[in-house]
Amino acid sequence: MTLSGIRRVGVVGGGQMGAGIAEVCVRAGLDVLVGETSVPAASAARERVAVSLERAVRRGKLDRLSAEAALDRITITSHLTDFEDRQLIVEAVVEDEDTKTQVFSALDKIVADPGAILATNTSSLPVMRLGTATSRADRVVGLHFFNPVPVLPLVEVVTTLHTSPAVAKEVTGFASETLGKSVIHSTDRAGFIVNALLVPYLLSAIRMTESGFASAADVDRGMELGCAHPMGPLRLADLIGLDTVASMAESLYEEFKEPLYAPPPLLQRMVEAGLLGRKTGRGFHVYDRGGEPR
């Protein structure tokens, strides 16, 4: 039994973030159900976890028996109704408020346990709007992981004006004691702590490149070698996904109306062109099929 008592976890959305969340949960010994919109998409989500576990084995971070046992703890589904018995569900679908609201509204009707917790991995959207789409806003919380989830140690726990202190305490214990993550706490404001600081930095780097002031390679090299950053801002934006960066910028600008949060035209055009970074093979840099820079 874990400190929080949570053993049955659901993850709605099996993309890059959802698969990462599922992986850290199964590696912690939890029973995890991953839901996607179709059977092929759900299978792809499981494969993402399998590939990541295999990578951990090759790097000596995990033994093979533990990796196989972890993968066996994942069940996949294309039916949201299968989440009925979950104690904690983490929503990790596309960063779109309408889509997330629909998921929360549906889960509210499906999940049987009135004590179950509904969490969102949103990076910038108001958590309270998602909570008020349910009849249990006091049990809705932000649980914001960082990419890549199995590697980065941080989780932001975000509470709304409705979130119960007991729920905040339970998810904090779950993230820190069960998953072994470091936890910081934020109130429910766009961008929370990390992205409210990070996004203006990324946008500034994009504007510098857009203006012709410096190349993408030189901007990144400058911050890596001049400021000891492990990754330059444009390569980091590519890793996050330029569509996600644009969505975060729009959310921040909508809330604060500060010019530094406004997405630059170049970013918007790249998103429209489908040049989203590592996941599409091209953003501010070009990547091979394995996501490595060329």
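Small disclaimer: the values here were computed from a predicted structure and weren't measured.

Caption draft 1: Region of interest: helix α4 (residues 97-110). Relative to the 20 Å expected for 14 residues at 1.5 Å per residue, α4 spans 20 Å between its end C-alpha atoms, a close match to the ideal helical length. Within α4 the residues assigned to the buried category are Lys-100, Val-103, Phe-104, Leu-107, Asp-108 and Ile-110. Viewed end-on, α4 has its buried residues packed into an arc of 165°, placing them on one side of the element. Among the exposed residues of α4, those pointing more than 90 degrees away from its buried face are Asp-98, Gln-102 and Lys-109. Each element contacted by the buried residues of α4 is listed here: β1 (8-12), β4 (88-91), β5 (117-120), α5 (127-131) and β6 (140-145).

Caption draft 2: The packing of helix α9 (residues 233-240) against helix α10 (residues 242-256), seen in detail. Two elements in contact, α9 and α10, have axes separated by 5 Å at closest approach and are oriented at 95°. Considering their axes alone, α9 and α10 lie roughly perpendicular with respect to each other. Every residue of α10 that contacts α9 at Ala-237, Asp-238 and Ile-240 is listed here: Leu-242, Thr-244, Val-245 and Met-248. Residues that form the contact of α9 with α10 fall into these classes: 5 nonpolar, 1 polar and 1 charged.

Caption draft 3: Structural view of the pairing of strand β2 (residues 31-35). The element β2 is largely enclosed, with a buried count of 4 among its 5 residues. As judged from the 5 bridges shared by β1 and β2, these two strands associate in the parallel manner. Bridging from a neighbouring strand, Gly-10 pairs with Leu-33 of β2. Handedness of the β1-helix α1 (residues 16-27)-β2 crossover: right-handed.

Caption draft 4: The packing of aromatic side chains, seen in detail. Going through the model one piece at a time under the given rule, you end up with 1 aromatic pair. Each ring, one from Phe-256 and one from Tyr-261, has its centre 5.7 Å from the other, and the planes form 40°; the classification is tilted. Of the residues examined, Tyr-261 reaches a relative accessible area of 9% and is grouped as buried.

Caption draft 5: Region of the structure containing the side chain of Thr-77. One can find Thr-77 in strand β3 (residues 74-77). Residue Thr-77 is classed as buried on the basis of its relative accessible area, which comes to 6%. At 2.9 Å, the side chain of Thr-77 and the backbone nitrogen of His-79 are in polar contact. The contact partners of Thr-77, leaving out residues within four places of it in the chain, are Leu-33, Val-34, Gly-35, Glu-36, Ala-42, Asp-82 and Phe-83.

Caption draft 6: Structural view of the nonpolar core. Grouped together as the largest cluster of nonpolar side chains are 40 residues, with contacts concentrated most on Val-32, Leu-143 and Phe-145. Ranked by residue count, the leading element in this core is α1, at 7 residues. Ala-205, Ala-216, Leu-242 and Tyr-261 belong to the second largest nonpolar core, which has 23 residues in total.

Caption draft 7: Representation of the sheet that holds β3. Strand order in the open sheet formed by 8 strands is β3-β2-β1-β4-β5-β6-β7-β8, and the pairing between neighbours is mixed. Bordering the open sheet on either side are β3 and β8 (182-187), each of which pairs with just one other strand. Shown here is a sheet whose adjacent strand axes are inclined to one another by a mean of 25°, direction ignored. As paired strands, β5 and β6 are joined by 3 bridges and run parallel to one another. Across the sheet, Ala-119 pairs through a bridge with Val-141, a residue of β6. Running over the sheet, helix α2 (residues 39-58) touches β2 and β3 and is turned about 155° from β3.

About the criteria used
In this convention, every chain numbers its residues from 1, walking through the sequence in written order. Since the coordinates come from a predicted model, pLDDT governs what is reported: local features require at least 70, and pairs of side-chain atoms require 80 or more to be given and counted, while whole-chain, interface and lining totals use all residues. Note: side-chain values were computed over all heavy atoms of the structure, leaving out hydrogens and water. Where helices and strands are cited, they refer to DSSP runs of H or I of at least four residues and of E of at least two residues respectively, numbered from the N terminus. Residue count minus one, scaled by 1.5 Å, sets the expected span of a helix. Accessible area is worked out with a 1.4 Å probe on protein chains only. A residue is then buried under 20% of its type maximum, exposed over 50%, and partly exposed in between. As used here, the arc is the angular range of directions from the helix axis to the C-beta atoms. In what follows, a contact means two residues having at least one pair of non-hydrogen atoms within 4.5 Å. All axes here are fitted lines through C-alpha atoms, helices being fitted over the stretch that makes contact, and every angle between N-to-C directions spans 0 to 180 degrees. Angle categories: roughly parallel below 35 degrees, roughly antiparallel above 145, roughly perpendicular from 65 to 115, and oblique for all the rest. Gly falls in the polar group here, along with every residue not listed as nonpolar (Ala, Val, Leu, Ile, Met, Phe, Trp, Tyr, Cys, Pro) or charged (Asp, Glu, Lys, Arg). Two strands qualify as a pair provided that DSSP identifies no fewer than 2 bridges between them. Viewed with both strands pointing away, a crossover whose connecting path from the first strand over the helix to the second turns clockwise is right-handed. The aromatic pairing rule takes the rings of Phe, Tyr and Trp, using the six-membered ring of Trp, and pairs them if the centres are within 6.5 Å, calling planes under 30 degrees apart stacked, those over 60 edge-to-face and the rest tilted. Residues adjacent in sequence count toward polar contacts only when both atoms are side-chain atoms; beyond that, a polar contact is any pair of N or O atoms within 3.5 Å, and within protein one must be able to donate a hydrogen and the other to accept it. To form a nonpolar core, buried Ala, Val, Leu, Ile, Met, Phe, Trp, Tyr and Cys residues must be joined to one another through side-chain atoms within 4.5 Å.

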